[in-house]
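Observations on the three-dimensional arrangement
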Amino acid sequence: MKSDVGRLDIETIFHAQYERIARVIARVLRDPARAEELAVEVFLKWSRNPQAQGEDSQAWLYRVAVRTGLDELRRETRRTRRRSLLRFVGYAPTPEDVRASREDQDRVREVLAAIQSRQAELLVLRTQGLSYDELACALDLNPASIGTFLTRAEQAFRKEYIKRYGQQ
Amino acid sequence: MDSNRDQWVEDRLASLYPASDWQPDTFRGLAQFRKQREKVRNRNRRWGWLAASAVAAGLPLMAFPTTRVFAQRCVSACVGQTTWVRNLFVGNRPSSAPSTGYVTPENRKMAPDFVLDDASGKPVKLSEFRGRVVLLNFWATWCAPCSLEIPWFIEFQNTHRDSGFTTLGVSLDEGGWDAVRPYMDQRRVNYRVMVGNDDLARLYGAASLPTTFIIDKSGRIAATHVGLCSKSEYEADVKAALNEQ
């Protein structure tokens, strides 16, 4: 009976949060289907961690979701870099690669993968529409310093973007 | 507060919006979530059963001396096969003498001679026991299998002493006589015990305890037993050595 109640709570929170969590991950990944898979993994981790299931569940889910998304993004970026190296030894890019590389989204994602993790997490969650208080709670930062952190993160983003692609 | 935000950066980040026709499918996600949780739960349950079965099988096996000897034999046989692997990783450390059955007289090696003081301070020289069969047991007070064997050796000493048999014990306790003497008194050990050292243990290849040698009347090693052995095996070896001319 007790486990049914636990399961009900977990599934209620899954219903309430899944879409938001999947969207956070989809923001940094090219493939929405992969984002949904990773969102399920985030909930699995959460369901196995009783400490994460308190009042701060939402903050925990956001934090782990953005980190999972950025980790996957970095892996993806490394894979792409390896492929571009293979081009020299005869690897032909797929039409999907060609199409995707033209998109501005990929530039932004590459920059996010290159800057400091904490700064990338902050920018992604901010674009998701989280308030300063929610950001502070999700990333375990002092709410009074969020503005400063955000400004530094934006500066780092701008600097890295211009270094790679110039002022556009 | 937001007026300070960098519009240029915001415009770039705004391009990250997923395609407008994409909508996360909560029901599909939930089905996947339930499936994965069930898989994890089953895996944990399997490991639990496996651990419980191992304990259930191990407990009766270790509860009785006969089954314990059998289990130890099985482990020794497996470990024996992998000696070369162990040597590969741990290097050329002094290895234990291999257990042997009863060796035919022409294939026996001489037991290295030694002189050690017994509990009363009298020197014991192995070569002085020529003409008698000697059971030479390397042991220690902290070694549980050794404690099982000692009553057997006491009994052998009582039974076969007059037929030309002697038991000798060499303790490898780091605590020396302070550890060995109370133990001997408590167990009423009726044979001579000496405190040995690493050099002697290395000379005999007694890297693990207990290690027991049956030495024939000519001072040659007739049998070597590493680890806990059954009483009947020791007795058979002793009798065979006593029956030799």
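Just above sits the structure.
Below is a summary of the structure that appears in this document. Computed from a prediction, not measured in an experiment: that's the story for all the values here. (Residues numbered from 1 in each chain as written. Chains lettered and ligands numbered in written order. Predicted model: local features only at pLDDT ≥ 70, side-chain atom pairs only at ≥ 80, totals over all residues.)

**Examining the nonpolar core**
Put simply, the test is: Buried Ala, Val, Leu, Ile, Met, Phe, Trp, Tyr and Cys residues whose C-beta atoms connect them within 7 Å together make up a nonpolar core. For every residue, the other C-beta atoms within 10 Å of its own C-beta are counted; 20 or more classify it as buried, 12 or fewer as exposed, and values in between as partly exposed. C-beta atoms are placed from the backbone. In this text, helices come from DSSP runs of H or I with a minimum length of four residues, and strands from runs of E with a minimum of two, each type numbered from the N-terminal end. C-beta atoms are placed from the backbone for every residue, and two residues are taken to be in contact when these atoms lie within 7 Å.
Judged by nonpolar contacts, the single largest core of 43 residues is most densely connected at A:Ile21, A:Ile25, A:Ala39, A:Val42, A:Ala65, A:Leu112 and A:Leu125. Top contributing element to this core by residue count: helix H1 (residues 2-28) of chain A, with 8 residues. Ignoring any residue separated from it by four or fewer positions in sequence, one finds A:Leu112 in contact with A:Val28, A:Leu70, A:Leu73, A:Ala120, A:Leu123 and A:Val124. Within the second largest apolar cluster, 34 residues are counted, among which are B:Leu168, B:Tyr204, B:Ile215 and B:Cys229.

**Some thoughts on the interface of chain A and chain B**
Rules: Classification convention: Asp, Glu, Lys, Arg as charged; Ala, Val, Leu, Ile, Met, Phe, Trp, Tyr, Cys, Pro as nonpolar; all other residues, Gly among them, as polar.
Counting residues at the interface gives 28 residues for chain A and 21 residues for chain B. Elements represented by at least two residues in the side of chain A that touches chain B include exactly H1, helix H2 (32-48), helix H5 (104-114), helix H6 (117-127) and helix H8 (146-165) of chain A. With 10 residues, H1(A) is the largest single contributor of residues to the side of chain A that touches chain B. Of the residues belonging to the side of chain A that touches chain B, the class tally is 14 nonpolar, 6 polar and 8 charged.

**With respect to the packing of helix H3 (residues 57-86) of chain A against helix H7 (residues 132-139) of chain A**
Residue and element names in this part refer to chain A. This is how it is decided: Lines are fitted to the C-alpha atoms to define the axes, a helix being fitted only along its stretch in contact, and any angle between axes, read from their N-to-C directions, falls within 0 to 180 degrees. For classification, angles of less than 35 degrees are called roughly parallel, those exceeding 145 degrees roughly antiparallel, those between 65 and 115 degrees roughly perpendicular, and all remaining angles oblique.
Two elements in contact, H3 and H7, have axes whose closest approach is 8 Å; the angle formed by their N-to-C orientations is 75°. In terms of orientation, H3 and H7 fall into the roughly perpendicular class. Together, Ala-59, Tyr-62 and Arg-63 of H3 and Cys-137, Ala-138 and Leu-139 of H7 make up the contact between the two elements. Tallied by class, the residues present in the contact of H3 with H7 amount to 5 nonpolar, no polar and 1 charged.

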